[in-house]
Amino acid sequence: MQFAKTMAQTRKKRQRKRRGTQGGRIDTKARRSRPRSREEAKAQARSKRRPAPKEDLPPTWRSSLLRGALMAVIFAVLLTVFGSAIGAAALLGAFMLAIYVPGTYYIETALWRRRERARIRARSE
């Protein structure tokens, strides 16, 4: 008996170019190597020029948590420095954290909304 010497065929799926960034974001917009018009080139250069200022971004719970934690730690340290017991200072620090986090979030949100309304009014004028 004679066997045919054939190799098993494997079909390899065609790979597509990976468009994900290192941060994990996937760009859905098709990228072109160069802009199609002069106006598009100017707009592309302007958008790359400077990122949005930090105060333009809406507040997050994470930023409020970090700010509240910092203020609560400072509060607890000051209590221990001025003669309070460590346990009582820690307990009051935890209570202040529970007060500071939502307080800072809602205050930041109100201030951000006010800035946004002023920015929208300035654009429309």
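Not measured: the values here are computed from a predicted model. (Residues numbered from 1 in each chain as written. Predicted model: local features only at pLDDT ≥ 70, side-chain atom pairs only at ≥ 80, totals over all residues. Heavy atoms only, no water.)

A.B. asks: Any chance you could explain the overall build of the protein chain here in plain terms?
C.D. replies: Scanning the protein chain from terminus to terminus reveals 3 helices and 0 strands. Sorting the 125 residues of the protein chain into buried and exposed places 10% on the buried side. Within the protein chain, contacts between residues at least 6 apart in sequence are counted, and of these 65% link residues at least 24 apart. For the protein chain, the accessible area works out to roughly 12100 Å², and carbon and sulfur atoms hold 58% of it. (Helix = DSSP H or I, 4+ residues; strand = E, 2+ residues; numbered from the N terminus. Buried < 20%, exposed > 50% of the residue type's maximum accessible area, 1.4 Å probe, protein only. Contact = heavy atoms within 4.5 Å. Areas by Shrake-Rupley, 256 points an atom, 1.4 Å probe, with all protein chains shown as cover.)

A.B. asks: What should I look at first to understand the pattern of salt bridges in this one?
C.D. replies: Scanning the entire structure with this criterion turns up 2 salt bridges. Between Glu108 and Arg67 there is a salt bridge; the shortest N-O distance is 1.9 Å. Here Glu108, found in helix α3 (residues 86-124), pairs with Arg67, found in helix α2 (residues 61-81); they are 41 residues apart in sequence, far enough to count as distant. Owing to a relative accessible area of 18%, Glu108 belongs among the buried residues under this scheme. The class of Arg67 is partly exposed, set by a relative accessible area of 40%. The partner of Arg119 in a salt bridge is Glu116, and the shortest N-O contact between them spans 2.2 Å. You can see Arg119 and its partner Glu116 sitting in helix α3, 3 residues apart, about one turn around the helix. (Salt bridge = Lys/Arg side-chain N within 4 Å of Asp/Glu carboxyl O.)

A.B. asks: Explain a nonpolar patch on the surface here, please?
C.D. replies: The grouping of Leu70, Val73, Ile74, Val77, Leu78, Val81 and Phe82 at the surface amounts to a nonpolar patch, some 720 Å² of accessible area in total. Structurally, Ile74 can be placed in helix α2. (Patch = residues over 30% accessible without salt bridge, like charges linked within 9 Å, V, L, I, M, F, W, Y side chains within 5 Å.)

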